[in-house]
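Residue-level structure breakdown
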Amino acid sequence: MFPQAMGVLTGFAASVLIARGLGPDGLGRYALVMSLAGIAASLSDLGLGQTAIRYAARAIAAGSRELQMAVLRWAFRMRMLLVFAVTLVFMLVAPILAQRVWHDASLSVYLQIGLIGGVFGALGAVPTLYFQSIRRFEVNAAIQSSQRLLFFVGIGLLAVTHAWSLSCVLCTQVATGAIAAVAFLVMVPACALFCR
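Right, let's walk through the structure included here. Keep in mind it's a predicted model, so treat the numbers as computed, not measured.

Now for a nonpolar patch on the surface. A contiguous nonpolar patch, built from Leu88, Val89, Leu92, Val93 and Ile96 and spanning about 450 Å² of accessible area, is present on the exposed surface. Following the sequence through the fold, valine 89 ends up in helix H3 (residues 65-101). Taking relative accessible area as the criterion, valine 89 reaches 47% and is therefore assigned partly exposed.

Take a look at the structure:
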């Protein structure tokens, strides 16, 4: 429950700051960018996370750490393959969507930045899969809460410095996602990601 509560609180506060900082037009453009990034994120998961948790947890319950790591490696490879493939397709389609669907060609760069953030979001999900599979829910909760808090701190810095622009908000999202992904990926055993 704690990560969800943290997500609601920081998400609400961040959305208020972003709305005030970007104004109605900027907020609308941000919403368009995040809608495409959200679709790409959904297509790059397709239930892999839940499947990996289920079978990795079964393996660990049966006492087979090697099978658990094999399941996690499979999920990691599949997720990375999907996220890069989906991101590449959407990157190529972004200029067309920006110009023909939303009638704003300048939006394509922002759409592409938002899609890069999705790659780090997928990497940031890897530690949560690992810790859920070994039933370390307190560590999982701490990681998820920290990821959300880190984004909120980034938005808070934009508010304090009055550095509001759509590109600054999106770059903050990408940067905090990258920091969180790297910081928490080091907690996952290498054998859960790569073959020996």
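With that settled, the discussion passes to the side chain of serine 133. Counting through the fold element by element, serine 133 comes out in helix H4 (residues 107-133). Among the polar contacts made by the side chain of serine 133, one reaches the main-chain carbonyl oxygen of tyrosine 130 at a distance of 2.7 Å. Beyond its immediate sequence surroundings of up to four residues, serine 133 is in contact with Ile53, Ala56, Ala57, Ile60, Gln68 and Leu72.

With 25 residues, helix H5 (residues 137-161) extends 36 Å between its outermost C-alpha atoms, agreeing within 8% with the 36 Å of an ideal straight helix rising 1.5 Å per residue. When H5 is considered as a whole, its buried residues turn out to be Val139, Asn140, Ala141, Ile143, Gln144, Ser145, Phe151, Gly154, Ile155, Gly156 and Leu158. Tucked into the core, H5 has its buried residues touching helix H1 (2-43), H4 and helix H6 (166-185). Looking at the residues trailing H5, positive phi occurs at histidine 162, about 55°.

This paragraph deals with the environment of phenylalanine 131. Of note, phenylalanine 131 is situated in helix H4. Classification of phenylalanine 131 by relative accessible area gives buried; the value is 6%. Residues phenylalanine 131 and alanine 41 lie 90 residues apart in sequence; the distance between their C-alpha atoms is 21 Å. Aside from chain neighbours lying at most four places away, what touches phenylalanine 131 is Arg136, Phe137, Val139, Asn140, Ile143 and Met187.

This part takes up the packing of aromatic side chains. Following the criterion strictly, the structure yields two aromatic pairs and no others. Residues tyrosine 130 and phenylalanine 131 carry aromatic rings whose centres are separated by 5.0 Å and whose planes lie at 75° to one another, so their mutual orientation is edge-to-face. Here tyrosine 130 matches phenylalanine 131 in class, with each residue buried.

The next thing to look at is the environment of isoleucine 60. Checked against the element boundaries, isoleucine 60 lands in helix H2 (residues 48-61). Between the C-alpha atoms of isoleucine 60 and glutamine 147, which are 87 residues apart in sequence, the distance is 26 Å. Not counting residues up to four positions away in its chain, the partners in contact with isoleucine 60 are Arg65, Gln68 and Ser133.

For the structure shown, the criterion picks out four salt bridges. When the shortest N-O distance is used, the salt bridge between arginine 29 and aspartate 104 registers 3.1 Å. Linking arginine 29 in helix H1 with aspartate 104 in the loop between H3 and H4, this pair joins segments that are 75 residues apart in sequence. A salt bridge links glutamate 66 to arginine 73; its shortest N-O distance comes to 3.3 Å. In this structure glutamate 66 comes out as partly exposed when scored by relative accessible area, which is 41%.

Definitions and cut-offs
Residues numbered from 1 in each chain as written. Predicted model: local features only at pLDDT ≥ 70, side-chain atom pairs only at ≥ 80, totals over all residues. Heavy atoms only, no water. Patch = residues over 30% accessible without salt bridge, like charges linked within 9 Å, V, L, I, M, F, W, Y side chains within 5 Å. Areas by Shrake-Rupley, 256 points an atom, 1.4 Å probe, with all protein chains shown as cover. Salt bridge = Lys/Arg side-chain N within 4 Å of Asp/Glu carboxyl O. Helix = DSSP H or I, 4+ residues; strand = E, 2+ residues; numbered from the N terminus. Buried < 20%, exposed > 50% of the residue type's maximum accessible area, 1.4 Å probe, protein only. Polar contact = N/O pair within 3.5 Å; in protein donor to acceptor, adjacent residues only side chain to side chain. Contact = heavy atoms within 4.5 Å. Expected span 1.5 Å × (residues − 1). Phe/Tyr/Trp six-rings, centres within 6.5 Å; stacked < 30°, edge-to-face > 60°.

By themselves these figures say nothing about function.
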